[in-house]
Amino acid sequence: MECQWKPDEQGLQQILQLLKESQSPDTSTQRSVQQKLEQLNQYPDFNNYLIFVLTKLKTEDEPTRSLSGLILKNNVKAHYQNFPNGVSDFIKNECLQNIGDSSPLIRATVGILITTIASKGELQNWPELLPKLCLLLDSEDYNTCEGAFGALQKICEDSAEILDSDMLDRPLNVMIPKFLQFFKHSSPKIRSHAIACVNQFIISRTQALMLHIDPFIENLFALAGDEEPEVRKNVCRALVMLLEVRLDRLLPHMHNIIEYMLQRTQDQDENVALEACEFWLTLAEQPVCKEVLCGHLPKLIPVLVNGMKYSEIDIILLKGDVEEDEAIPDNEQDIRPRFHRSRTVAQQHEGGDSIEEEDDEDDLDDDETISDWNLRKCSAAALDVLANVFRDDLLLHILPLLKELLFHPEWLVKESGILVLGAIAEGCMQGMIPYLPELIPHLVQCLSDKKALVRSITCWTLSRYAHWVVSQPPDIYLKPLMTELLKRILDSNKRVQEAACSAFATLEEEACTELVPYLAYILDTLVFAFGKYQHKNLLILYDAIGTLADSVGHHLNKPEYIEMLMPPLIQKWNQLKDEDKDLFPLLECLSSVATALQSGFLPYCEPVYQRCVNLVQKTLAQAVLHQTQPEFYEAPDKDFMIVALDLLSGLAEGLGGNIEQLVARSNILTLMYECMQDKMPEVRQSSFALLGDLTKACFQHVKPCIANLMPILGTNLNPELISVCNNATWAIGEISIQMGSDMQPYVPMVLQQLVEIINRPNTPKTLLENTAITIGRLGYVCPQEVAPMLQQFIRPWCTSLRNIRDNEEKDSAFRGICTMITVNPGGVVQDFIFFCDAVASWMNPKDDLREMFYKILHGFKNQVGDENWRHFSDQFPLPLKERLAAFYGV
């Protein structure tokens, strides 16, 4: 070790001065401090001064010393690899000597510094660190033991993987048994650290812990009643994780664990109660849930329901006593960033619209602005998942409670009852039906409760029962519900406006064209809200308008509706700058409106089209600048481009051939070609959707580019990126129909990948359907090229298309399959029963297509002879046999 480093007195004073200034609230002072710190980083021993202030300068006040350590931590994060050896050794040494400082703040700061150095790949280069910290745990001095444990806990959190690797000679084999010894330590702080350290290794099923799993669980049970909340919280957290990874070890004790968690879910300390409440969420995902929990439901349900009441602190945070706040502008920090969901092309299914695969947007997020996750939300989420496990068996325990809650004179209790009713909607729907004729009118009445928090939760709960409401005669339930919800959209409380707008969007999705008779009244309200809403709720209003357009479609295309709706939308459109994130929801909304209005959107399309093209062009240009000169230009926000591409798709779909002149006068195809090669999958996904829509709307402008576009489509048939692959597949199908036999040179670029995708296990339904349609369409225009592969795809092809509705896409795909069977009948022989089933899925095919089916079925029957056909058709399920006999006489 070199001779001890000493600071220069003048330099030390300068740094202390800086540390004092940096605690000033004034932002310009803060800025100049930042600049000076950057300058000081040029001096190799600047970091020595910082560690000196932290560990040696005991005369200074603690906040200043701690700050010095935190600045050093940031330097370690940014520049550690450039520290001279002498400096890093000095810092490491000082840290280990001062981990037991008498001040908790300084100990914690040193611990943070140690783990930051360790996580910079330095666990390997600092071999004495872990042994030394473990040794310090045995110190008689409390501060040293606590400091060392604090540092170890941070290292376990930050470097769990590397601790369990061969790189370090498996230190956990020593550390975990050591930690377990401290579960019984007399200090609650140390017990808490010990559990927290071990907890880091449960989820990864770390070998060293699995070897000691039984003593670990025994020790946890021993601490179950600990008087320290932090210890109880860590015990609960451990049990929740063990439920996921070592259920086998908990099962013998399950009865007692459930009893214990029931107590803890009612813990006086809300943090403990919240950790315990997670137990029910996790248990619901386990197959044993029903079996181990059914006997405890009578006790558990009241506990969860009780946890669903707002706490006093919630109400303060929610300003629950402020009823009217509509005139108060929003705090911009509270507005969550919205994520645009890029366009995905999907098929329509029998008995309903296209099923979205990720349709869980109406989860329990009625009050997402407060402390994001709390006991109320966790209890409600637990009740929701348990309702899905136990279904109507849960009602036995809930109904008696609900009666009391829903009609309770105290608003807080009534509010929680309404939340309970919403939480069980999905799981217990069947069992609730008999009560809904009485409950729905009661809820509609609660929409005008004098407490805003009751009105807002009622909006949410009613939206959870929208499906049932829409299935009943409209005058009895839908009309009164809609009338009241529209009043709530114009509520004087912002939280209620928000809840009502979201609930109305859900109602729109369920009701679809049932809303047509009320359109004038609905638009009146939504347009009025435009002038009334503050910033945050405007964004939700756009969504409600877009959903309305999606739900009623072309019924919106009436001059009087267009005159109400378009002026406020276009006014907002003109107000917003190109850089404004509020463009996202507005563009999404306009995309839905354009698709619904079709030709009705023509008067507005030119400026909208132009701006979208500009947004794409600007973003691409910014990306090029950033790539070439990253130090001068920042990366663009590509969401602007994605949303613009999606709106262009909406315009192409809505305006059809009318978009031709706009395309002719712009460079959109060049831009789209760039976007199709973007690194970001969402950009490619949206550009392929646009390609498909432009192909349908004005192929004459796409055709000259096909030779450049097709190879890109071929390379994007990678099912790892589901949505990109889905849209590329769909676009290839649309291009095939337009190209006809000219598609021939491009078939080899895509066919092999498509056949692989359709045979891939666990491929999402939407992608399978689009792949099948595209293979059929390719075979329709180039049967000689595709038919030889028939045997490799016919079975999954038939099963994926039997459930989609009769439509143009299905029609062209089946024409393709019939043409290919004519070219290569041998390819279908082994799977003919699947073809029969797919044919029977048609409700009413066009005459010439029916004729094709007839020929193939009869051709096959004649080929094999009556006797064999009888044997063959005896394998058919009865409905299939009857349909084929009735429609095709076989």
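Residues numbered from 1 in each chain as written. Predicted model: local features only at pLDDT ≥ 70, side-chain atom pairs only at ≥ 80, totals over all residues. Heavy atoms only, no water.

Attention shifts here to the overall build of the protein. Counting its secondary structure elements, the protein contains 50 helices and zero strands. In the protein, once contacts between residues fewer than 6 apart in sequence are set aside, the share between residues at least 24 apart is 75%. Carbon together with sulfur atoms contributes 51% to the accessible area of the protein, which is approximately 39100 Å² in total. Positive and negative side-chain charges of the protein, numbering 77 and 124 respectively, have mean locations separated by a distance of 1 Å. (Helix = DSSP H or I, 4+ residues; strand = E, 2+ residues; numbered from the N terminus. Contact = heavy atoms within 4.5 Å. Areas by Shrake-Rupley, 256 points an atom, 1.4 Å probe, with all protein chains shown as cover. Lys, Arg positive; Asp, Glu negative; His and termini not counted. Charge placed at Lys NZ, Arg CZ, Asp CG, Glu CD.)

Let's shift gears to empty space enclosed by the protein. Gaps between atoms show up when a probe of the same size as a water molecule is rolled over them. A complete count under the given rule lists two cavities of 30 Å³ or more for this structure. Each pocket or cavity is described by its volume, and for the largest cavity that value is around 50 Å³. Lining the largest cavity, in full, are I15, L18, L19, S22, V33, L37, F46, L50 and I71. At the level of secondary structure, the elements contributing two or more residues to the lining of the largest cavity comprise α1 (9-21), α2 (27-40) and α3 (46-55). Here the lining of the largest cavity takes three residues from α1, the largest share from any one element. Here the residues of the lining of the largest cavity sort into eight nonpolar, one polar and no charged. Surrounding the second largest cavity, V839, A840, W842, R883, L884, F887 and Y888 form its lining. For the lining of the second largest cavity, the secondary-structure elements that each account for two or more residues are α47 (832-840) and α50 (878-888). With four residues, α50 is the largest single contributor of residues to the lining of the second largest cavity. Here the residues of the lining of the second largest cavity sort into six nonpolar, no polar and one charged. (1 Å grid on protein atoms, 1.4 Å probe; cavity = no way out; pocket = protein on both sides within 12 Å on 5 of 7 lines; lining within 4 Å. Points joined across faces, edges and corners; volume = space filled by probe spheres on them. Nonpolar A, V, L, I, M, F, W, Y, C, P; charged D, E, K, R; others polar.)

Bringing the packing of aromatic side chains into the picture now. Centre distance and the angle of the planes are the two values used to describe a pair of aromatic rings. Per the counting criterion, the structure on display carries 23 aromatic pairs. Here the aromatic rings of F584 and F640 are separated by 4.8 Å at their centres, their planes lie at 65°, and the arrangement is edge-to-face. Taken together, the residues F584 in helix α33 (residues 583-597) and F640 in helix α35 (residues 639-655) connect sequence positions 56 residues apart. Overall, the relative accessible area of 3% leaves F584 in the buried class. Pairing F853 with Y888 gives two aromatic rings, centres 6.2 Å apart and planes at 75°, and the pair type is edge-to-face. Of this pair, F853 sits in helix α48 (residues 847-864) while Y888 sits in helix α50, placing them 35 residues apart in sequence. Its end group placed over the ring of Y310, R376 keeps NZ or CZ at 3.7 Å from the ring centre. Above the plane of the ring of W842 lies K810, whose end atom (NZ or CZ) is 5.0 Å from the centre. (Phe/Tyr/Trp six-rings, centres within 6.5 Å; stacked < 30°, edge-to-face > 60°. Buried < 20%, exposed > 50% of the residue type's maximum accessible area, 1.4 Å probe, protein only. Lys NZ or Arg CZ within 6 Å of the ring centre and 35° of its normal.)

Our focus in this paragraph is helix α43 (residues 765-781). The end-to-end C-alpha distance of α43 is 25 Å, a good match for the 24 Å that 17 residues give at a rise of 1.5 Å each. Of all 17 residues in α43, 15 are buried; the element is thus mostly enclosed. (Expected span 1.5 Å × (residues − 1).)

The next subject is the side chain of K451. Tracing the chain through its elements places K451 in the loop between α25 (436-446) and α26 (452-464). Among all residues touching K451, those that are not within four sequence positions of it are G320, D321, E323 and W411.

Close contact between helix α40 (residues 706-715) and helix α41 (residues 722-739) brings their axes to 10 Å; oriented N to C, the two are set at 145°. Note on packing geometry: the crossing formed by α40 with α41 is left-handed. Two secondary-structure elements touch here, α40 through I706, M710 and L713 and α41 through A728, A731, I732, I735 and M739. Broken down by class, the residue content of the contact of α40 with α41 amounts to eight nonpolar, no polar and no charged. (Axes fitted to C-alpha atoms, helices over the stretch in contact; angles between N-to-C directions. Left-handed = near helix turned anticlockwise from the far one by under 90°.)

Across its 13 residues, α1 extends 19 Å between first and last C-alpha, which sits within 8% of the 18 Å expected from 1.5 Å per residue. Considered for burial, the residues of α1 that qualify are G11, L12, I15, L16, L18 and L19. One side of α1 carries all its buried residues, which in axial view fall inside an arc of 155°. In α1, the exposed residues that point more than 90 degrees away from the buried face are E9 and Q10. Here the buried face of α1 lies against α2, α3 and α4 (62-79). (Arc of directions from axis to C-beta.)

What follows deals with the pattern of salt bridges. Overall, the coordinates contain 40 salt bridges when judged by the stated rule. Among the ionic pairs, K618 bridges to E579, the shortest N-O distance being 3.6 Å. Residue K618 is located in helix α34 (residues 602-628), and its partner E579 is located in the loop between α32 (559-575) and α33; the two are separated by 39 residues in the primary sequence. Note that K703 and D742 form a salt bridge whose closest N and O atoms lie 3.5 Å from each other. Highlighted residues: K703 in the loop between α39 (699-702) and α40 and D742 in the loop between α41 and α42 (747-758), separated in sequence by 39 residues. On the basis of relative accessibility, which here comes to 41%, the residue D742 falls in the partly exposed class. (Salt bridge = Lys/Arg side-chain N within 4 Å of Asp/Glu carboxyl O.)

Quick look at the state of the cysteines now. Scanning all chains against the criterion turns up zero disulfides. Summary of cysteine pairing: C428 is not part of a disulfide, and the nearest cysteine sulfur, belonging to C289, is at 13 Å. (Disulfide = S-S within 2.5 Å.)

Even without being a glycine, Q598 presents a positive backbone phi close to 50°. You can see Q598 is positioned in the loop between α33 and α34. The exposure class assigned to Q598 is partly exposed, which follows from its relative accessible area of 37%. Backbone geometry places N762, a non-glycine residue, at a positive phi of 60°. Mapped onto the elements, N762 comes out in the loop between α42 and α43.

A few words on the confidence of the model for the protein. Considering every residue of the protein, the mean pLDDT works out to 90; 96% of them sit at 70 or more. Across residues 351-371, where pLDDT falls below 50, the model places 42 contacts with residues more than four positions away in sequence or in other chains. (pLDDT = per-residue confidence, 0-100.)

We now examine a negative patch on the surface. Side chains of E509, E510, D543 and D550 sit close together on the surface and give a patch of like negative charge. Structurally, D543 can be placed in helix α31 (residues 535-552). For D543, a relative accessible area of 39% corresponds to the partly exposed category. (Patch = residues over 30% accessible without salt bridge, like charges linked within 9 Å, V, L, I, M, F, W, Y side chains within 5 Å.)

One can find H858 in helix α48. Ignoring anything within four residues of it in the chain, the contact list for H858 reads Y888, G889 and V890.

Before going further, it helps to spend a moment on a nonpolar patch on the surface. A cluster of nonpolar side chains, namely L625, F632 and Y633, defines an oily patch on the protein surface of about 290 Å² accessible area. Along the polypeptide, Y633 turns up in the loop between α34 and α35.

Taken N-terminus to C-terminus, the directions of α35 and helix α38 (residues 681-697) make an angle of 20°; their axes are 9 Å apart at the nearest point. Classed by the angle they form, the pair α35 and α38 counts as roughly parallel. The element α35 and its partner α38 pack so that their crossing is left-handed. Contacts from M641, I642, L645, D646, L648, S649, A652 and E653 of α35 reach α38 at E682, V683, S686, S687, A689, L690, D693, L694 and A697. Its residues placed into classes, the contact of α35 with α38 shows ten nonpolar, three polar and four charged. (Parallel < 35°, antiparallel > 145°, perpendicular 65-115°, else oblique.)

If you trace the backbone, D138 turns up in the loop between α7 (129-136) and α8 (142-158). The class for D138 is partly exposed, based on a relative accessible area of 42%. Between the C-alpha atoms of D138 and S68, which are 70 residues apart in sequence, the distance is 29 Å. With residues near it in sequence (within four places) discarded, D138 still touches K178 and F182. A distance of 2.5 Å separates polar atoms of two side chains, one belonging to D138 and the other to K178. (Polar contact = N/O pair within 3.5 Å; in protein donor to acceptor, adjacent residues only side chain to side chain.)

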